[in-house]
Amino acid sequence: MFSKLARVATAAFALTLGAALLGTGAGTTQAQPGAPVIGGGSGIVIDNTFECTLTTVGHDGAGRLVGLTAGHCGDAGAPVAAEVDRGYGEIGRFVYSNTELDYAVIEFTPGRIVPVNRIGNVTITGVGGPAQFPTIVCKEGRTTGNTCGITWGDVFATNVETWSQMCVVEGDSGAPVVVGSTLVGMVNAYLAVACFGPEVGTNMSAIMNDMNARGGHGAGYHPI
């Protein structure tokens, strides 16, 4: 399944994109005591099959504990488990998935996760506007971990996406893209060659604007 961003890139460059960075397979994990620790950069398992990365976790304006990831990772109603402890069971469900902007909102079940603002080498303290060339951005993905690279900017003047030169592969979909500790976007796809091709992702400003305009789950979001 490809996002609109990926389709635009394909048409522009007439090259093949990676499989929307949606990972599959049943990896083994070691159970942890208590609820799993989850934050932007954590691996999540959708429908007990697909593996993606959580962009961020926090509360919306109604006080619900919610998170974001790439829209192609799942549809509304899809159950979510924590990759760090698959055996712990369901921790939440997709409540909204936007195919145009390729983002999704997850509502977490109260008490089923320990939400944090730092996973690996990425800490998220706020949300900001898109990065501009030649800013260095970094991401934390469940497959490739922490990688950084130069920002190319909004290559096709879409007002919703940013291209950057970061290593991403399947399973990194939804990974938080940060400048310092400011969340500026998410990982959605790559061009041509995994890890070497440019990465494209939706800007957090576009996601925030859409959630706030739509209302409901995710509106008024702020990270932990």
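Remember, it's a predicted structure, so these values are computed and weren't measured experimentally. The written sequence of each chain sets the order in which its residues are numbered from 1. Only residues with pLDDT of at least 70 are given local features in this predicted model, and only at 80 or more are side-chain atom pairs given and counted; all residues enter the totals for whole chains, interfaces and linings. Think of the side-chain values as coming from all heavy atoms in the structure, minus any hydrogens and water.

Enquirer: What am I meant to see in helix H2 (residues 204-214) here?
Expert: Because each turn of an α-helix spans 3.6 residues, side chains separated by three or four positions in sequence point in the same direction. Within the sequence span of H2, burial applies to Met204, Ala206, Ile207, Met208 and Met211. Numbering of helices and strands runs from the N terminus; a helix is a DSSP stretch of H or I covering at least four residues, while a strand is a stretch of E covering at least two. Looking one or two residues past H2, glycine 215 carries a phi angle of roughly 80 degrees, positive in sign. Think of it in three bands: with a 1.4 Å probe and only protein chains considered, a residue is buried below 20% of the maximum accessible area for its type, exposed above 50%, and partly exposed in between.

Enquirer: Would you take a moment to explain the side chain of threonine 162 for this structure?
Expert: Structurally, threonine 162 can be placed in strand E16 (residues 161-164). Judged by relative accessible area, which is 12%, threonine 162 ranks as buried. Each polar contact in these results corresponds to two N or O atoms within 3.5 Å; when the atoms are within protein, one needs to be able to donate a hydrogen and the other to accept it, and residues that are neighboring in sequence are counted only if both atoms are side-chain atoms. In terms of polar contacts, threonine 162 uses its side chain to reach the side chain of asparagine 203, at 2.5 Å. Not counting the four nearest positions on each side in its chain, threonine 162 is found in contact with Pro130, Ala131, Thr151, Gly153, Glu199, Val200, Gly201 and Asn203. Any pair of residues with heavy atoms lying within 4.5 Å of one another is described as a contacting pair.

Enquirer: Help me understand the nonpolar core in this model?
Expert: Within soluble globular proteins, side chains that are nonpolar generally end up buried alongside one another. The criterion is simple. A nonpolar core is a set of buried Ala, Val, Leu, Ile, Met, Phe, Trp, Tyr and Cys residues joined through side-chain atoms within 4.5 Å. Ranked by size, the top nonpolar core spans 35 residues in total, and within it Leu68, Phe94, Tyr103, Phe108 and Met211 carry the most contacts. Going through the elements one at a time, strand E3 (43-46), strand E6 (65-70), strand E7 (79-82), strand E8 (90-98), strand E9 (103-108), strand E18 (182-186) and H2 are the ones with two or more residues in this core. The element contributing the most residues to this core is E9, with 5 residues. Core analysis: the next-biggest nonpolar cluster, separate from the first, contains 9 residues, Val137, Val168, Ala175 and Val184 among them.

Enquirer: Sorry if this is basic, but what is going on with the pairing of strand E5 (residues 56-59) here?
Expert: Both faces of the sheet carry side chains from a regular strand, because those side chains alternate between them. By the convention used here, strands pair only if DSSP detects at least 2 bridges between them. As paired strands, E5 and E6 are joined by 4 bridges and run antiparallel to one another. If you follow valine 57 over to E6, its bridge partner there is glycine 67. Hairpin connection from E5 to E6: 5 residues lie between these consecutive antiparallel strands, with glycine 63 at a positive phi of about 85 degrees. Relative to strand E21 (residues 222-223), E5 is paired through 2 bridges, and the arrangement is antiparallel. By the bridge assignment, histidine 59 is partnered in E21 with histidine 222.

Enquirer: Can you help me understand a nonpolar patch on the surface in this one?
Expert: On the surface, a nonpolar cluster with roughly 310 Å² of combined accessible area is contributed by Phe133, Trp152 and Val155. With respect to the element layout, valine 155 can be found in the loop between strand E15 (145-153) and E16. Since its relative accessible area comes to 42%, valine 155 is described here as partly exposed. For patch building, the residue pool is restricted to those with more than 30% relative accessible area and no salt bridge; the joining distance is 9 Å between like charges and 5 Å between nonpolar side chains (Val, Leu, Ile, Met, Phe, Trp, Tyr). Note on areas: these come from Shrake-Rupley sampling with a 1.4 Å probe, and a residue is covered only by the protein chains present in the view. The term salt bridge refers to a side-chain nitrogen of Lys or Arg lying within 4 Å of a carboxyl oxygen of Asp or Glu.

Enquirer: Please clarify how the state of the cysteines should be interpreted in this entry.
Expert: Note on disulfides: each one is a pair of cysteine sulfur atoms within 2.5 Å. Under the criterion given, the structure shown has 3 disulfides. Residue cysteine 138 pairs covalently with cysteine 148 via a disulfide, S to S 1.9 Å. The disulfide joining cysteine 138 to cysteine 148 has a torsion of about 105 degrees about its S-S bond and is therefore right-handed. With a gap of 10 residues between them, cysteine 138 in strand E14 (residues 136-141) and cysteine 148 in strand E15 connect regions that are remote in the sequence. For cysteine 167, the disulfide goes to cysteine 195, at an S-S distance of 1.9 Å. Residues cysteine 167 and cysteine 195 are joined through a disulfide that is left-handed, its torsion about the S-S bond being -110 degrees. In this pair, cysteine 167 sits in the loop between E16 and strand E17 (176-179) while cysteine 195 sits in the loop between strand E19 (189-190) and strand E20 (199-202), placing the two residues 28 residues apart along the sequence.

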